[in-house]
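# Notes for the structure review
What follows is each chain in one-letter form.
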Amino acid sequence: MIEYQGWATIREAYREEDEDDAVLADIAAQLEARVAELAGRDWSACTFRNINGAWRLSVMGNRNHASGDWPEVLALFEWIAREAPGSYGLLSCHDDEDTQGRDNEFQVFVLRRGTLSKVMIRTCRPICRWSKSRRRGRPISARRWIRR
């Protein structure tokens, strides 16, 4: 199974006062066409809207097997980084059939300042704290707690 989700705020320049409205309108028109193609699929949702003067993109999908959706979504975010360098956002993916050893982790990509870069996220393990009267106040991992 592969699942992905992401969002982006589309900006033509880093600062709002430096933006060219005509260039931003052209980027928005091109992006609307790309989003319309993705939005028409059964296993994904993709929206692109102007909310209070800011262009917002959101994508999510969930398929039984990795197919054309994920590479196209990744390519869409790469296109945004290239064409709208003031944009920023996040994109994450979990593919349990990944052949490069990332089948048990979320792959997270950060969109900022004209680049889409992959970031490493450490595995999070919840910690339960015992009172001082039990187990001398030492933390115990949730995994050990569940086994009891």
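Attention in this report is confined to the structure presented alongside it. Each chain has its residues counted from 1, running along the sequence as written. Predicted model: local features are reported for residues with pLDDT of at least 70 only, side-chain atom pairs are reported and counted for 80 or more only, and whole-chain, interface and lining totals are derived from all residues. The side-chain quantities take in all heavy atoms of the structure and omit both hydrogens and water.

## Quick look at the overall build of the protein
Strands here mean DSSP runs of E at least two residues long; helices mean DSSP runs of H or I at least four residues long; both are numbered from the N terminus. A tally of helices and strands in the protein yields 3 helices and 8 strands. When burial is assessed residue by residue, the protein has 36% of its 148 residues classed as buried. For this analysis, residues touch if any pair of their heavy atoms sits within 4.5 Å. When contacts within the protein are restricted to residue pairs at least 6 apart in sequence, those whose partners lie at least 24 apart make up 51%. A 1.4 Å probe and the Shrake-Rupley method give the accessible areas. Residues count as covered only by the protein chains that appear here. Carbon together with sulfur atoms contributes 49% to the accessible area of the protein, which is approximately 9800 Å² in total. Three exposure classes are used, based on accessible area relative to the maximum for each residue type with a 1.4 Å probe and protein chains only: buried under 20%, partly exposed in between, and exposed over 50%.

## Some words on helix α2 (residues 69-83)
Working note: α-helix, 3.6 residues per turn, so residues spaced by three or four point in the same direction. If you check α2, its first and last C-alpha atoms are 21 Å apart, about what 15 residues at 1.5 Å a residue would give, namely 21 Å. Buried within α2 are the following residues: D69, W70, V73, L74, L76, F77, W79, I80 and A81. Helix span, expected: 1.5 Å multiplied by one less than the number of residues in the helix.

## With respect to the packing of aromatic side chains
The relative placement of two aromatic rings is captured by the distance of their centres and the angle of their planes. Only Phe, Tyr and Trp rings are paired, with Trp represented by its six-membered ring, and only when their centres lie within 6.5 Å; those with planes under 30 degrees apart are stacked, over 60 edge-to-face, the remainder tilted. The tally for this structure, following the rule as stated, stands at 4 aromatic pairs. Seen from their ring centres, W7 and Y88 are 6.2 Å apart, and the 85° between their planes marks the pair as edge-to-face. Note that W7 is positioned in strand β1 (residues 2-10) and Y88 in strand β4 (residues 88-95), a separation of 81 residues in sequence. What makes Y88 partly exposed here is its relative accessible area of 34%. With a centroid separation of 4.8 Å and 20° between ring planes, the pair formed by F48 and W55 is classed as stacked. For the residue pair F48 and W55, the accessibility class agrees, reading buried in each case.

## Regarding the pairing of β4
For β4, the tally of buried residues reaches 6 of 8 residues, placing the bulk of the element in the interior. Note on pairing: two strands pair once DSSP finds at least 2 bridges between them. Pairing geometry for β1 and β4, over 8 bridges, is antiparallel. By the bridge assignment, Q5 is partnered in β4 with S92.

## Some words on the packing of helix α1 (residues 21-39) against α2
Helix axes are fitted to C-alpha atoms over the stretch in contact, other axes to C-alpha atoms as well, and angles between N-to-C directions run from 0 to 180 degrees. Interaxial distance between α1 and α2 falls to 12 Å at its minimum, and their mutual angle equals 175°. Relative to α2, α1 is oriented roughly antiparallel. For the pair α1 and α2, the contacting residues are I27, Q30, L31, R34, E37 and L38 in the first and E72, V73, L76, W79, I80 and E83 in the second. Here roughly perpendicular refers to angles of 65 to 115 degrees, roughly parallel to angles under 35, roughly antiparallel to angles over 145, and oblique to all remaining angles.

## A closer look at the side chain of S92
In this fold, S92 is placed in strand β4. The class of S92 is buried, set by a relative accessible area of 14%. One polar contact links S92 to Q5, side chain to side chain, over a distance of 2.8 Å. Here a polar contact is taken to be a pair of N or O atoms separated by no more than 3.5 Å, where protein atoms must pair a possible hydrogen donor with a possible acceptor and residues adjacent in sequence count only if both atoms sit in side chains.

## So, the side chain of T9
Along the chain, T9 turns up in strand β1. At 2.8 Å, the side chain of T9 and the side chain of R56 are in polar contact. When neighbours within four sequence positions are excluded, T9 is seen to be in contact with W55, R56, S87 and Y88.

## Examining a nonpolar patch on the surface
Patch definition: residues above 30% relative accessible area lacking any salt bridge, with like charges linked at up to 9 Å and the nonpolar side chains Val, Leu, Ile, Met, Phe, Trp and Tyr linked at up to 5 Å. The rule for a salt bridge is simple: a side-chain nitrogen of Lys or Arg has to be within 4 Å of a carboxyl oxygen of Asp or Glu. Where nonpolar side chains cluster on the molecular surface, the patch consists of W7, Y88 and L90 and spans about 280 Å² of accessible area. With respect to the secondary-structure elements, L90 resides in strand β4. A residue is classified by how much of its surface remains accessible, and L90, at 38% relative accessible area, is partly exposed.

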